Each structure stands twice: as C-alpha cells, then as structure tokens.
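Here is how the chains run, residue by residue.
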Amino acid sequence: LRLSLKTAIKLRLKDKKENRFAQIYKQERLTEIRYLGLQTIKVEQIIGSVNRWQDFDRYFRSQKADQKKLQSVLNALEEGLVLPPIKVYKIKDHYYIIDGNHRVVAAKMNKQIDIDAEVYELIPPADSVEHLLWWERSKFEWMVGISLNFTELGSYKRLLTYLRLYTRQLNQRNKGSYTLKSAAQQWYHEVYQPALKKINEEKLMDCFPTHTADDLFLYVIHHQL
C-alpha cells in the first residue's frame, strides 16, 4: 500500500509546477505515509486537490467542474442520501483531495461543516527538531484522537502520560471501561477547554509571545502535579 501510494504521488506531481500540494510535498520531503482510516474531518481544512488542482481555487470555486456531476451530488445531498467517503492526504492541519472533488465542492457550497474521509497522513523524515515535533504530534493525534499545538519536543509524550493517568483515574472512579481516546474526549471538554478559557481571560499569552496557549496549558498542569 505504501509503495503504491508513493508511486501515485509521483505520477500526480509531474508537470505541475504551481500545484500547492506538490510544492509542500517536495519542500517538506514527505516520505512516510500513515493510514489513519475513516474519519470525520472539517470541510474548511480541505484546501487543495492532488490531481484536479488546476480546476479549483483554494475555495473550490471553478467553471471547470463537471456541472452535471456536481448537480447530481447536490441533489443527493438535498435528498439526504449518504455519499461514499472522499479520500484525502493529510499534511499537518490541512487536507488535499485524492478522490471526491465534486463532493467537496458541493459540501462547501452547502456550508457543510464535516465530511467523512479516508485519511492518509504524509510525514517527513525525522531529521530535524521541526520534523521530530511533527512526528510526535502525528503519533499523539493517532493515539489520542485530539489535536494540540506544542512547540517543544517531549510535550506530546508528557501529555500522553497525563492522559493515561486521567484514563486510569476515570475508570477507577466510575468503574467504567474508558479507552484512551474516549477518556481524552472527556478530558478535552472537562479539563482542557475550561483551562484554556482561563488562560485567555488572564491574557497569559501576552507574557509568553513565543509560545502557544497549549504550551502554557501544559506548564500549568505540570506545575499542579
């Protein structure tokens, strides 16, 4: 699967000098592919197409779209039919369409928030601090199912330790069977979001301009422990 995907990428990159996907693929040397499975992703985070990049702009507006095909998709959505998931490459926080361009155009036209997608994440070699941080984030998101933005190596591993502790305490307290992912979802709403709101209310970011709010959040819970 990995070899076939790499071959497909190379074929799609030929003679596409202005393809944003091709540019970032070469710039970041995205050599690794991780299949993340079927997910629900945000439509607004889909910003490009791999093989139809000339037909659509960043907002997927175009006169080159197959109008009959597009209308059939719009009709299906209006009738409440379930369409097959699209296929995308994930690069950091953004997605590029492999298959399903017209479904995305229709979703954006309808101001749809989410869409089902088969996701293949592209990752660079672990040969720099930036790329190592990218690897840590990718693994964390894959294991936990939530997305955070840290700037220091080791932060994702540290938070993962806290989340495992939280999961164990949650199961002991409620005699439940929480998985790491299900516990993380509860933690995100009950612990993370209220703390982040407090950080913003206190304007702590003004004192740490080179850090993210997630960095400060991790400092806080580490200090508490």
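Refer to the structure above for everything that follows.
Since we're looking at a predicted model, the values are computed, not measured.

Student: Any details on the overall build of the chain? Residues and values, ideally.
Tutor: Looking only at helices and strands, the chain features 8 helices and 5 strands. Looking at the chain as a whole, 41% of its 225 residues qualify as buried. The contacts of the chain with a sequence gap of at least 6 include a subset with a gap of at least 24, amounting to 65%. Carbon and sulfur atoms make up 52% of the accessible area of the chain, which totals about 13500 Å².

Student: Give me the environment of lysine 108: which residues, what numbers.
Tutor: As for its position among the elements, lysine 108 is in helix 4 (residues 101-109). A C-alpha to C-alpha distance of 6.9 Å links lysine 108 and valine 43, two positions 65 residues apart in sequence. A distance of 3.3 Å separates a polar atom in the side chain of lysine 108 from the backbone oxygen of isoleucine 46.

Student: A description of the sheet that holds strand 2 (residues 46-49) should follow, citing residues and the corresponding values.
Tutor: Strand order across the open sheet formed by 5 strands is 1-5-3-4-2, with mixed pairing between neighbours. Two strands in the sheet have a free side with no partner beyond their single neighbour: strand 1 (32-42) and strand 2. Within the sheet, the average angular offset between the axes of one strand and its neighbour, ignoring direction, is 35°. Direction of pairing for strand 3 (residues 86-91) relative to strand 4 (residues 94-99): antiparallel, over a ladder of 5 bridges. Across the sheet, tyrosine 89 pairs through a bridge with tyrosine 96, a residue of strand 4.

Student: How would you sum up a nonpolar patch on the surface? Please name residues and give values.
Tutor: A cluster of nonpolar side chains, contributed by Val129, Leu132 and Leu153, occupies part of the molecular surface with about 240 Å² of accessible area. Its relative accessible area of 39% is what places leucine 153 among the partly exposed residues.

Student: Can you break down the pairing of strand 3 residue by residue, with the values?
Tutor: When you tally the buried positions in strand 3, you get 5 out of 6 residues, the bulk of the element. The sheet contact formed by strand 3 and strand 5 (residues 114-123) spans 5 bridges and is parallel. Paired with isoleucine 86 across the two strands is alanine 117, which belongs to strand 5.

Student: Any chance you could break down the pattern of salt bridges for me, citing the residues and the numbers?
Tutor: Going through the model one piece at a time under the given rule, you end up with 9 salt bridges. Its salt-bridge partner being aspartate 93, residue arginine 137 comes within 2.5 Å of it at the nearest N-O pair. A residue pair is termed long-range when its members are at least 10 positions apart, and arginine 137 in helix 5 (residues 129-144) and aspartate 93 in the loop between strand 3 and strand 4 qualify at 44 residues. Judged by its relative accessible area of 32%, aspartate 93 falls in the partly exposed class. Members of the salt-bridge network, linked through shared partners, are Lys90, Asp93, Glu121, Arg137 and Glu141.

Rules used in this analysis
- Residues numbered from 1 in each chain as written.
- Predicted model: local features only at pLDDT ≥ 70, side-chain atom pairs only at ≥ 80, totals over all residues.
- Heavy atoms only, no water.
- Helix = DSSP H or I, 4+ residues; strand = E, 2+ residues; numbered from the N terminus.
- Buried < 20%, exposed > 50% of the residue type's maximum accessible area, 1.4 Å probe, protein only.
- Contact = heavy atoms within 4.5 Å.
- Areas by Shrake-Rupley, 256 points an atom, 1.4 Å probe, with all protein chains shown as cover.
- Polar contact = N/O pair within 3.5 Å; in protein donor to acceptor, adjacent residues only side chain to side chain.
- Pairing = 2+ DSSP bridges.
- Axes fitted to C-alpha atoms, helices over the stretch in contact; angles between N-to-C directions.
- Patch = residues over 30% accessible without salt bridge, like charges linked within 9 Å, V, L, I, M, F, W, Y side chains within 5 Å.
- Salt bridge = Lys/Arg side-chain N within 4 Å of Asp/Glu carboxyl O.

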